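Remarks on the overall topology
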Amino acid sequence: METLSSLADGFVIALTWQNLLLALLGCFLGTIMGALPGLGPSNGVAILIPLAFTLGLGATPALILLTSVYYGAMYGGRISSILLNIPGDEPAMMTCLDGYPMAQKGRAGEALSLSGVASFVGSFLATWGLILLAPQLVKIALLFGPAEYFALFTLAFATLGGVASTNQAKTAFAAALGIGLATVGVDTQTGVPRFTFGEVHLYDGIDFLVAIVGLFALSEVFLFLEHRHGKADADTSKITIGRLMPSFSLLKSCTPTMLRTSFLGFIAGVLPGAGASLGSFISYTFEKKLVDKEGTFGTGDPRGVAAPEAGNNAAAGGALVPMLALGVPGSGTTAVLLAVLLALNITPGPLLFTQQPDVVWGLIAALFIANFMLLLMNIPMIGLFTRVLLIPPRILMPIVAMVSFVGIYGISGSSFDLMVMVGFGVAGWVLRKLDVPLVPIILGTLLGNAMENNLRRAITISNGDWFALIDSPLSVALWSLAVIGFVLPILFGKILKARMRRMAKDEEGSIVD
Amino acid sequence: MSDRVFGVVGLLLAIGYAWAALIIEESFLSDAVGPKAFPLIIASVLALASIVIILKPDPSPHWPSFLRFMEVGAAIVVMLLYANLLPVLGFVIATAFAATYLTWRLGSGPISSVVSGCATSLGIYAVFHLVLGLSLAKGPLGF
C-alpha cells in the first residue's frame, strides 16, 4: 500500500508538461540511437549526459530524459536486427535469428510490431519487478557498514565481466585501470595531491564524463574511420514492411512466451554480471528448448522474435534494481546511468529511497510513462525509424563526434578537457581492438573513490585492523560471491561465449552490455 | 603477440603507478590507512592482471594496414587541433572544418563533405545554442 502511494506521488512529479516532453524526446532519440548500428544504449546515454547536465536540468527531469533514452534504445535495437540482419546493439543480436527470416518472408511489419509489444511487456513487467524488489533490497542494504560496502564494490567489479567473459585478466585489468584513474587528484581524506604531476588541471581529478564520452563515443568514430565500411549503408527499400498490426491470434500465441521470458530476463538483469545481452540469450534458448517442437525457431518463428525482445527489455529494467537500491550497477548501460546520478550529485543506494523519494518514484513513474510512449511510438511510427536507418555513418559519425565535443566543452569550457577526451577516445579504440572491456574502466572511475573511502573508513573504525573487512557474516558472504563470480567465467565463460557466437555472429569489439 | 606487448605496457604502467604512489607526500594528519595503501593494492591488481595477459595471450586482433593507421592518426591530430582552435576560431567555423574533414575521410565526396560539414555545424549551433541556450565557444566573429 505504501508502495502504491509512493508511486502515485511519483506520477504527480512525472506528469508535468516539461517532464512529459523530456520523456517523449528521450524515447524518440533513444529509439533512433538503438536502431542505428554502432550507437548502442551506452553510447546514446553517454553522449547525452553532458548535454542534460549543461542544460541545467534538475535531477528528476534529467533522469527522466536519460532513462527514456535507455528504454528507447532497448526498443530501437530490434529495428535494424529485423530489417537488415545487423543488430542495432548487442542485446538485439538474438532478435536477428528469427526477425530477419520473418522480414524476408514479407512479414517485417508484423515482426516489428510483435517485437514492439514484446518489448513493452518485458519492460512493463520489469518495472513492476523493480518496484517490488528494490525496496526489499534497500532493507538489506541498510545493514551494510563500510566493510560490507567495500566487499560489495569488489563483488560488482568481480562479476562485471559477466558470465560470458572470455578473459578475466582483461576485465581485472580494466577495473584496476578505472579505479586507478579515480585516485588521480586531491585525496579526499587527507588533502594531499596524488598522481597529479604538478598539473593544476588534474587536482580536481579526471572528470568521469570526459572519460565516458571519450571511451564510448569517440572510440566508435575511430573504429568507423579505421574500417570506413559501407556495410551499414544498407538499403531498406528492398524489404516490404507488410501489415503493421499483428493479428490477435498471433499475439495470443506469443503471450505465454512473453510472460516467461520477461521473468527470465528480469532475473538476468538483477543478477550481477548478466545484463541485457545474456537476458535475451537465455530467453531465446530457453524458449527454443521449451516450445520449439517443430524446429521452426531460426526460420522466422514469431515466438523467436518475441522471446529475446521481452527478455532483453525485462533485463534492462531488472538492471536498474541493484543500481538504484545499492548504487552498484550490474551492466554497462546502468553504469553510464550511475554516472548521470553522480553528475547530478545524487548518491544512489539505500539512502536515496529514504532521503530523496521524489527522485526515485518520479523516475519509476517516468519509466511507466516512457514505456507507453514507446509502445505508441513504435507501432504506428515505425516507418519513420526505418527511414533513419538510411542515414549513412559517414554523415552520422561526424555528428556524433561533434555533439560529444559540444557536451564536454559545455561543462568546463576548457580545451584541456577536450584533449583528455580525445586521449580517452584513442585509448578506447586500442582497448576495443585488444578485446579489453570498457565498462569496468567506466565503473572504476565512477566507484573508485567511494570504494577507497569505504575501505579507509572500515579500517579506521577498527583501529587499523585489516581483518575487519571479513568480520561479519554478510561481508564474508559478499567476498565468497565475488570470488565465485570471478572464477566461474574462467571455467565456463569460453563455452558459453562460443555458443552465443555460434548462434549469432558477433560484431567486432562491440560494447558488451 | 599484441597481447604480450599490451601486457608489458600494462606492467610498466603498474610499476609507474606504484612508484608514483610511494612518493606521495603524506600530510601529518592522516587516517589509519593513509593515501598510499589503496593505490598500492590497485597497482598490484594491475600488475597481476598484466602478468596473466603476458603469460596467456589471446590471438592477435586484426590490425589495420599502415595507411589506415595514418587515417586514424590524422583524425586524432584534427581533433586535437579542433580542441585548441575552438576558442580561437569560434564554434561554427571550427566545427564546420572538423565535421567536413571527418565526413570526407569517412567516404563522402569533397563537395558533399563541405555541404554536410557546414550543415552539421550550423545545425548543432541552431539546436544547442539558439534553441537550447547552451553557451558554445565564441570566436572573434561572435559565433
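Scroll up to find the structure.
Every chain's residues receive numbers from 1 upward, in the order its sequence appears when written. Following the order in which they are written, the chains are lettered starting with A and the ligands numbered starting with 1. Note on the predicted model: pLDDT of at least 70 is required for a residue's local features to be given, and 80 or more for side-chain atom pairs to be given and counted; whole-chain, interface and lining totals, by contrast, use all residues. Side-chain metrics rest on all non-hydrogen atoms present in the structure, leaving aside hydrogens and water.

For the rest of this paragraph, the subject is the overall build of chain B. Helix numbering and strand numbering both begin at the N terminus, where a helix is a DSSP run of H or I of at least 4 residues and a strand a DSSP run of E of at least 2. Helix and strand counts for chain B come out as five helices and zero strands. Order of helices (α) and strands (β) in chain B, N terminus to C terminus: α-α-α-α-α. In summary, chain B has a C-alpha radius of gyration of 23 Å against a globular reference of 15 Å for 143 residues, an excess of more than 25%. With the C-alpha coordinates aligned to their principal axes, the bounding extent of chain B is approximately 55 × 45 × 25 Å. In this scheme, a residue with accessible area under 20% of its type's maximum is buried, one over 50% is exposed, and one in between is partly exposed, where area comes from a 1.4 Å probe on protein chains only. Looking at chain B residue by residue over its 143 residues, the buried ones come to 45%. Residue contacts are defined here by distance: any two heavy atoms, one from each residue, within 4.5 Å place the two residues in contact. A sequence separation of at least 24 residues applies to 59% of the contacts in chain B between residues at least 6 apart. Every radius of gyration here is taken over C-alpha atoms, with the globule rule written as 2.2 Å times N^0.38, N being the number of residues.

The next point concerns the side chain of Q168 of chain A. All names here are of chain A. Looking at where Q168 falls in the secondary structure, it is placed in helix α8 (residues 168-182). The exposure class assigned to Q168 is buried, which follows from its relative accessible area of 5%. Of note is the side chain of Q168, whose polar atom sits 2.8 Å from the backbone oxygen of F486. A 3.5 Å cut-off defines polar contacts: any pair of N or O atoms within that distance qualifies, except that in protein one atom must be a possible hydrogen donor and the other a possible acceptor, and neighbouring residues in sequence count only when both atoms are side-chain atoms.

So, on to the packing of helix α5 (residues 95-104) of chain A against helix α6 (residues 108-141) of chain A. Residues and elements named next belong to chain A. Only the contacting stretch of a helix is used when fitting its axis, a line to C-alpha atoms as for every element, and angles between N-to-C directions run 0 to 180 degrees. In the contact formed by α5 and α6, the axes pass within 7 Å of each other and the chain directions differ by 145°. Residues G99, M102 and A103 of α5 lie in contact with α6, whose contacting residues are A108, E110 and A111. Basically, the charged four are Asp, Glu, Lys and Arg, the nonpolar ten are Ala, Val, Leu, Ile, Met, Phe, Trp, Tyr, Cys and Pro, and anything else, Gly included, counts as polar. Tallied by class, the residues present in the contact of α5 with α6 amount to four nonpolar, one polar and one charged.

Here we come to the packing of helix α4 (residues 59-84) of chain A against helix α14 (residues 332-343) of chain A. How two helices pack is summed up by the angle between their axes together with the distance between the axes. Residues and elements named next belong to chain A. Two elements in contact, α4 and α14, have axes separated by 11 Å at closest approach and are oriented at 170°. The orientation of α4 relative to α14 falls into the category roughly antiparallel. On the side of α4, the interface is formed by L63, L66, T67 and Y70, while α14 contributes T333, T334, L337, V340 and L341. Grouping the constituent residues of the contact of α4 with α14 by class yields six nonpolar, three polar and no charged. When an angle is under 35 degrees it counts as roughly parallel; over 145 it counts as roughly antiparallel; between 65 and 115 it counts as roughly perpendicular; any other value is oblique.

Turning to the interface of chain A and chain B, a few remarks are in order. Taken together, the contact pairs 60 residues of chain A with 66 residues of chain B. D58 of chain B is the salt-bridge partner of K170 of chain A, the closest N and O atoms lying 3.0 Å from each other. In this structure, the connection of chain A to chain B is made through ten residue pairs in polar contact (both at pLDDT 80 or more). Counting residues per element, the ones that place at least two in the side of chain A that touches chain B are α3 (41-54), α8, β2 (193-194), α9 (208-227), α18 (393-412), α19 (415-433) and α20 (439-461) of chain A. Top element by residues in the side of chain A that touches chain B is α18 of chain A. It accounts for twelve residues. Tallied by class, residues from the side of chain A that touches chain B come to 40 nonpolar, eleven polar and nine charged. Basic side-chain nitrogens of Lys or Arg form a salt bridge, by our definition, when they fall within 4 Å of a carboxyl oxygen of Asp or Glu.

Residue and element names in this part refer to chain A. To estimate the expected span of a helix, count its residues, drop one, and scale the result by 1.5 Å. The end-to-end C-alpha separation of α20 is 32 Å, in line with the 33 Å expected for 23 residues at 1.5 Å each. What the bend at a residue measures is the angle between two axes, fitted to the seven residues ending there and to the seven starting there. Along its length, α20 reaches its greatest deviation from straightness, about 50°, at L447. Among the 23 residues in α20, 18 count as buried, and that is most of the element.

Here we come to the state of the cysteines. All names here are of chain A. Pairs of cysteine sulfur atoms within 2.5 Å are identified as disulfides in what follows. Inspection of every chain in the model, using the stated rule, returns zero disulfides over all chains. C96 supplies the cysteine sulfur nearest to C254, a cysteine that is in no disulfide, at a spacing of 18 Å. On the basis of relative accessibility, which here comes to 0%, the residue C254 falls in the buried class.

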